[in-house]
Amino acid sequence: MKLRILKSSVTNPWFNLATEDWIFQALNPDSHTLFLWRNSETVVIGRSQNPWVECKIDKMEEDDVFLARRQSGGGAVFHDLGNTNFTFLSPKDDYDQEANFTIIINALKKLGIDAELSGRNDMQVGDKKISGSAFKHAADRSFHHGTLLVNANMQKLGDYLNPHPLKLKAKGIKSVRARVANLVEFNENINHETLSNAIIDAFCEYYCDTDYGDTTPVEELDEASLAKQPNLNKYYQQMTDWDWRFGKTPEFTHHIETRFDWGIIDLHLDVKHAVISEVVIFSDALNVELIDLLKETLTDIKYDRHEVKAKLAELGKAHSDLAAHIDDVSEWLTSEMEG
């Protein structure tokens, strides 16, 4: 059995999550593979989550924070350069989940930190969670990935993962927050490079002890890898696509209401795959044409405030006599969507 070590020099989350998919789907599972990586500021949501429920889309856009949807399940997490992410891939008949945790725990011991497994998925130091994991299995391979909090910005974690209180009735998984701590609280000299090197050493030492060999080169991955690996590029294109990040959102409804000088608007949006599939409006406004035009314009467009604003602007230009009322609705609705 061979060992393989991959390390990303790229901090674009779409590249790194695509690399994970490439490792799981396309890489020959004839070796124990370790992949180490970290992301620029990113909210990563699970496959079945609703981004509008889980995070503040408007704040993320304003601050140039990535939104990424991973292939696996689980809750929403915030990544920045203070996170170190690890991925293990093994042949299914030689997969040992306990071994993976042992490697990480041994790596932390090298840095003077005593961590322990907590339940099936997490690691902690004392009573503070410092790592979470998730797992996938296929016919011939098994996959384990996790995140270690090294020096993550906890304030920003709260900024982006605490959504505005939208009136959304959403299907899918909601995240549960836990007590967490950064590893720098236990060793002020730890960083991504020192931790990565410790994990690599622990990985090689673990398998050296079981006759897997004693030297394994580290393969550095960068953007040029996309050109060399067609499958990797395919996964990268999927990760960047709006239809993957937003369009995979489970069905939900958004109900809002307000009073304008010219009447009440009680608006119900049914959203399927991030497209507004049905619009119901109750109103005491005198102009029935306005209500019909709003319903027609909002139906079958993306649940995206930029698109909603653009479509309503077009409607206002086409119906100048209603433009002021349409502008009122546009400003109100887009502000309510900015969760």
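Heads up: the structure comes first, above all this text.
The paragraphs below set out a description of the structure included in this document. Values in this document were obtained by computation on a predicted structure and should not be read as measured data.

## Quick word on the environment of Asn-85
By secondary structure assignment, the location of Asn-85 is in strand E6 (residues 83-91). Asn-85 sits in the buried class, given a relative accessible area of 0%. When the C-alpha atoms of Asn-85 and Asn-197 are compared, they prove to be 13 Å apart, with 112 residues separating the residues in sequence. Aside from chain neighbours lying at most four places away, what touches Asn-85 is Phe-35, Leu-36, Trp-37, Arg-38, Asn-39, His-79, Gly-146 and Thr-147. Of the polar contacts made by the side chain of Asn-85, one reaches the side chain of Thr-147; its length is 2.7 Å.

## Quick word on the pattern of salt bridges
If you walk through the whole model with that rule in mind, you get 10 salt bridges. Note that Arg-305 is salt-bridged to Glu-61, the shortest N-O span being 2.6 Å. Placement of the pair is Arg-305 in helix H11 (residues 305-318) and Glu-61 in helix H3 (residues 57-62), with a sequence separation of 244 residues. Of the residues examined, Arg-305 reaches a relative accessible area of 18% and is grouped as buried. Its relative accessible area of 33% is what places Glu-61 among the partly exposed residues. In this structure, the salt-bridge partner of Arg-179 is Asp-127, at a minimum N-O distance of 3.2 Å. Of the two residues, Arg-179 sits in the loop between strand E11 (168-170) and helix H6 (192-208) while Asp-127 sits in the loop between strand E8 (122-125) and strand E9 (128-137), which places them 52 residues apart along the sequence. By relative accessible area, Arg-179 is classed as exposed at 54%.

## Notes on the side chain of Gln-71
Residue placement: Gln-71 occurs in the loop between strand E4 (66-69) and strand E5 (77-79). A polar side-chain atom of Gln-71 sits 3.5 Å from a polar atom in the side chain of Asp-21. Within the local environment of Gln-71, its side chain forms a polar contact with the side chain of Arg-47, the two groups lying 2.4 Å apart.

## Some remarks on the sheet that holds strand E1 (residues 2-8)
Taken in spatial order, the eight strands line up as E7-E8-E9-E10-E6-E2-E1-E12 in an open sheet, and their pairing is mixed. Taken across any chain shown, the strands that pair with only one partner, and hence form the sheet edges, are strand E7 (116-118) and strand E12 (218-221). Going from strand to strand, the sheet's axes swing by 25° on average, the running direction of each strand aside. Contacts from helix H1 (residues 13-25) reach E1, strand E2 (31-37), E6, E9, strand E10 (141-149) and E12 within the one sheet, and its direction differs from that of E2 by about 175°.

Here is what the cut-offs are and how they apply
- Residues numbered from 1 in each chain as written.
- Predicted model: local features only at pLDDT ≥ 70, side-chain atom pairs only at ≥ 80, totals over all residues.
- Heavy atoms only, no water.
- Helix = DSSP H or I, 4+ residues; strand = E, 2+ residues; numbered from the N terminus.
- Buried < 20%, exposed > 50% of the residue type's maximum accessible area, 1.4 Å probe, protein only.
- Contact = heavy atoms within 4.5 Å.
- Polar contact = N/O pair within 3.5 Å; in protein donor to acceptor, adjacent residues only side chain to side chain.
- Salt bridge = Lys/Arg side-chain N within 4 Å of Asp/Glu carboxyl O.
- Pairing = 2+ DSSP bridges.
- Axes fitted to C-alpha atoms, helices over the stretch in contact; angles between N-to-C directions.

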